[in-house]
Amino acid sequence: MFPLPQLDPGSQVPLYRQLHSQFRHWIETGRLGQGERLPSTRSLAGLLGLNRATVAACYSLLESEGLLHGQVGRGSFVTAPASLASPGLDWDRLLEPSPSLPASPSLPAGPGNPVISFATARPSEDLFPTARVLSACRDVLSGPQAPAILQLGSPGGYPPLREYLLEAARGALLARDGDDLLITSGCQQALDLVQRALVQPGDAVLLEDPVYPGVKNLFQRAGARLIGLAVGPQGIDIDQLQNALQRERPRLLVVTPNFQNPTGATLPLAERRAILNCARQSGTIVVENDIYGELRYHGDSLPSLKELDGSGDTVLLRSFSKIAFPGLRVGWILAPRPLIARLAEIKQLTDLHTDHLSQAVLLRFTETGDLAAHRQRILAAGAERLAAVLAACERFLPDGARFTHPQGGMNLWVKLPAPLDSADLLPRAERENVTYTPGKYFEVSHRQPGGLRLSFAGLAPDKIRQGVAALGRLFQSEIERHREAGAYGPAPAMV
């Protein structure tokens, strides 16, 4: 009897692909033998309740792979090639798509395709002092410690860099006697280690909403129950936080107090104290993701949550990625010593040893004063680019669009007026050689159809103006199209 495929209409995999995967598997395993006739597209579509075109697309794909041969007037017959006599694993079937890990929008650049990309929060390569980095590399590799640095090293990180960072934290009143420090491969690994140590499937985790996708996807993949806290000009909503803490008793609260990604919002001092007080009363662990804190272009710096926390329990994550070179992948965790010990155990299981060469180069780059000089260039360029993106948004975005006004960081958040959808508009923007990240990638509990992130730090001011102008024209034309169709309401009030 001919086997009937089992399909999942709710899957992200298209139905014709599901059909193709099952037929291919049956042919490779011999369940459908050489010369066996398949049902006609019409009859199989009727049996499965599908559109005939869906079955035809499946058959066409099988035929292109040499697994099926159609004969006019007779039907479609299995013609498995000899290369499939000993089939391997069906990786398409084994690796189900992961809805929690959406692909970031991208547009390939080339000589004829001068892309203006607002899609990635990263520093400008034009500002990298490559000659000074090369000098730091030479110093490290010509020094007496070079053989030890190139050998297997401690999973906790390069000891001299650990000690340097720990002393700096003590000097800044961040580290207490009971704290320790672990060096990681950037903040993303730090978040992963924290998740592995502290979160079990089903645990409630509070996140900013919208939030950086790398945070959301990590905890979602771990099986945590994610609860989004709306982010406004003053950061997360404290009333929402209090209600969520009382209602959910969450395991963790992950918060970015400075220049939050994607909104650029910064928590005022009163809100920082309120967060710590609320979390202490509920027994919730606070994870402070302070990756952008040193990128302040205007205004006065604020004390970190870790510094304000009298208990010392806040877990602080920082990184060299935004103030130095993201390609070197060096971040760190400052936390109570028992947690650091557990995180080091977990880290040893995942990467066994740590890349000490990158860490030694960064330490040398820091000790020579080159990092401080580079940071000043980054701050000057960042201030200029922030001014450019704010001015461009003010000038080119259509009426009804709103945008944040950060004082630092790398990102600015735009809210388009309804019914515009930033994800729907992205392909049209890409045809204009401009790309951004739509709001859907950042949403946790609240939909963000009109939201989009503009990451400005990696672009020169003239490119920022050119890119925002192109987006402004696109958004305005879409508003006019909706208005002509009678679907466009009054612009929302500015807040």
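Predicted model only: the values in this text are computed from it and were never measured. Counting of residues starts from 1 at the beginning of each chain's written sequence and follows it residue by residue. Residue-level local features of this predicted model are given only where pLDDT is at least 70; pairs of side-chain atoms are given and counted only at 80 or more, and the full residue set underlies all totals for whole chains, interfaces and linings. Calculated side-chain values reflect all of the structure's heavy atoms, with hydrogen atoms and water omitted.

Trainee: Sorry, what's going on with the overall build of the chain here?
Mentor: Under the DSSP-based scheme used, a helix requires at least four consecutive residues in state H or I and a strand at least two consecutive residues in state E, with every element numbered from the N terminus. Scanning the chain for helices and strands turns up 17 helices and 17 strands. Here the Shrake-Rupley method, with its probe set to 1.4 Å, supplies the accessible areas, and only the displayed protein chains count as covering residues. Of the accessible surface of the chain, which amounts to about 23,300 Å², a share of 51% is contributed by carbon and sulfur atoms. In the chain, the 49 positive side-chain charges and the 48 negative ones have mean positions that sit 3 Å from each other. Working convention for charge: Lys and Arg count positive, Asp and Glu count negative, and His plus the chain ends are omitted. To locate a charge, the coordinates of NZ of Lys, CZ of Arg, CG of Asp or CD of Glu are taken.

Trainee: I tried to follow the pairing of strand E17 (residues 451-455) on my own but got confused; where do I start?
Mentor: Looking along a regular strand, one sees side chains alternate from face to face of the sheet. Of all five residues making up E17, five are buried, and the element is well covered by its neighbours. What you see with E17 is no split at all: Gly451, Arg453 and Ser455 on one side and Leu452 and Leu454 on the other are buried throughout. Each pair of strands is called paired provided DSSP finds at least two bridges between the two strands. The sheet contact formed by strand E14 (residues 411-415) and E17 spans five bridges and is antiparallel. If you follow Leu412 over to E17, its bridge partner there is Leu454. Strand direction decides the pairing type here: strand E16 (residues 437-438) and E17, joined by two bridges, are antiparallel. Considered in E17, the bridge of Thr437 is made with Arg453. Only protein chains enter the calculation, and the probe is 1.4 Å; a residue is then buried if its accessible area is under 20% of its type maximum, exposed if over 50%, and partly exposed in between.

Trainee: I would appreciate a short explanation of the packing of aromatic side chains in the present structure.
Mentor: Aromatic ring pairs are described here by two measures, namely the spacing of the ring centres and the angle between the planes. For Phe, Tyr and Trp, rings pair up if their centres lie within 6.5 Å, where Trp contributes its six-membered ring, and each pair is then called stacked (planes under 30 degrees apart), edge-to-face (over 60) or tilted (otherwise). This structure, assessed with the given rule, holds seven aromatic pairs. Ring geometry for Phe23 against Trp26: centres 5.7 Å apart, planes inclined by 85°, an arrangement best described as edge-to-face. Taken together, the residues Phe23 and Trp26, both in helix H1 (residues 15-29) and three residues apart, mark about one turn of the helix. Under the relative-accessibility criterion, Phe23 is labelled buried at 1%. Centroid distance Phe320 to Trp332: 5.1 Å. Interplanar angle 55°. Geometry classified as tilted. With Phe320 in the loop between strand E11 (315-319) and strand E12 (331-336) and Trp332 in strand E12, this pair connects stretches of sequence that are 12 residues apart. For Phe320, a relative accessible area of 5% puts it in the buried group. The exposure class of Trp332 is buried, given its relative accessible area of 10%. A network of ring pairs unites the aromatic residues Phe23, Trp26 and Tyr59 as a single cluster.

Trainee: Would you mind showing me how to read a nonpolar patch on the surface here?
Mentor: What goes into a patch is any residue over 30% in relative accessible area without a salt bridge, connected to like charges within 9 Å or, for nonpolar side chains (Val, Leu, Ile, Met, Phe, Trp, Tyr), within 5 Å. By definition, a salt bridge exists where a carboxyl oxygen of Asp or Glu is found within 4 Å of a side-chain nitrogen of Lys or Arg. On the surface, Leu89, Trp91, Leu94 and Leu95 cluster together into a nonpolar patch covering about 480 Å² of accessible area. Structurally, the position occupied by Leu89 is in the loop between strand E3 (75-78) and helix H4 (91-94). You can call Leu89 exposed: its relative accessible area is 59%.

Trainee: Help me understand helix H10 (residues 238-248) in this model?
Mentor: Helical geometry: 3.6 residues make up each α-helical turn, so side chains three or four residues apart lie on a common side. Looking at H10, one finds that the buried residues are Ile238, Leu241, Ala244 and Leu245. Down the axis of H10, the smallest arc covering the buried residues is 120°, so these residues share one side. Facing away from the buried surface of H10 by more than 90 degrees, the exposed residues are Asp239, Gln246 and Arg247. Buried residues in H10 make contact with strand E6 (204-209), strand E7 (225-232), strand E8 (235-236), strand E9 (252-255) and helix H11 (269-282). Arc definition: it is the arc formed by the directions from the helix axis to the C-beta atoms. Residue contacts are counted whenever heavy atoms from the two residues lie within 4.5 Å of one another.

Trainee: Even after reading the chapter, I still don't get the sheet that holds strand E13 (residues 402-403), so can you show me in this structure?
Mentor: Here we have four strands laid out as an open sheet, ordered E13-E14-E17-E16, and antiparallel in their pairing. Strand pairing shows two members of the sheet lacking a second neighbour, E13 and E16, which therefore form its edges.

Trainee: Please clarify how the packing of H1 against helix H3 (residues 52-64) should be interpreted in this entry.
Mentor: Helix-helix packing is described using two parameters, namely the angle between the two axes and the distance between the axes. Inter-axis angles, ranging from 0 to 180 degrees, are taken between N-to-C directions of lines fitted to C-alpha atoms, where helices are fitted over the stretch in contact. Running from amino to carboxyl end, H1 crosses H3 at an angle of 45°, the nearest separation of the two axes being 8 Å. Overall, the two elements H1 and H3 adopt an arrangement that is oblique. You can see that H1 and H3 cross each other, and the crossing is right-handed. From H1, Leu15, Tyr16, Arg17, Leu19, His20, Phe23 and Arg24 reach across to H3, where they touch Thr54, Val55, Ala57, Cys58, Tyr59, Leu61 and Leu62. Amino acid classes used here: Ala, Val, Leu, Ile, Met, Phe, Trp, Tyr, Cys and Pro are nonpolar; Asp, Glu, Lys and Arg are charged; the rest, including Gly, are polar. For the contact of H1 with H3, the per-class residue count stands at 10 nonpolar, two polar and two charged. Working rule for angles: under 35 degrees goes down as roughly parallel, over 145 as roughly antiparallel, 65 to 115 as roughly perpendicular, anything else as oblique. Crossing handedness: left-handed means the near helix sits turned counterclockwise from the far one by under a right angle, and right-handed means the same turn made clockwise.

Trainee: Sorry, what's going on with the environment of Tyr441 here?
Mentor: Residue placement: Tyr441 occurs in the loop between E16 and E17. With 419 residues separating them along the chain, Tyr441 and Gln22 place their C-alpha atoms 31 Å apart.

Trainee: What exactly am I supposed to notice about the environment of Gln466 here?
Mentor: Summarising the element assignment, Gln466 is placed in helix H17 (residues 461-484). Separated by 397 residues in the primary sequence, Gln466 and His69 have C-alpha atoms spaced 53 Å apart.

Trainee: Sorry if this is basic, but what is going on with the packing of helix H8 (residues 186-198) against helix H9 (residues 213-221) here?
Mentor: Between H8 and H9, the least distance of the axes is 10 Å, while the angle of their chain directions is 25°. Relative to H9, the element H8 lies roughly parallel. As for how H8 packs across H9, the hand of that crossing is right-handed. Listed contacts from H9 to Gln188, Leu191, Asp192 and Gln195 of H8 are Gly214, Val215, Leu218 and Phe219. The class makeup of the residues in the contact of H8 with H9 is four nonpolar, three polar and one charged.

Trainee: Looking at this structure, I do not really get the pattern of salt bridges. What am I missing?
Mentor: Between side chains of opposite charge, a pair can form when the charged atoms approach closely. This structure, assessed with the given rule, holds 18 salt bridges. A salt bridge links Asp179 to Lys306, with the nearest nitrogen and oxygen atoms 3.3 Å apart. A residue pair is termed long-range when its members are at least 10 positions apart, and Asp179 in strand E5 (residues 179-184) and Lys306 in helix H12 (residues 305-308) qualify at 127 residues. When sorted by exposure, Asp179 lands in the same class as Lys306, which is buried.

Trainee: Explain the sheet that holds strand E2 (residues 68-71) to me, please; I cannot follow it from the model alone.
Mentor: The strands making up a sheet associate through hydrogen bonds between their backbones, and the pairing can be parallel or antiparallel. Here three strands make up an open sheet; going across it, the order is E1-E3-E2 and the pairing antiparallel. Both outer strands of the open sheet, strand E1 (37-38) and E2, are each paired with one neighbouring strand and no more. Note that E2 and E3 share four bridges and pair antiparallel. Residue pairing in the sheet places His69 in a bridge with Phe77 of E3.

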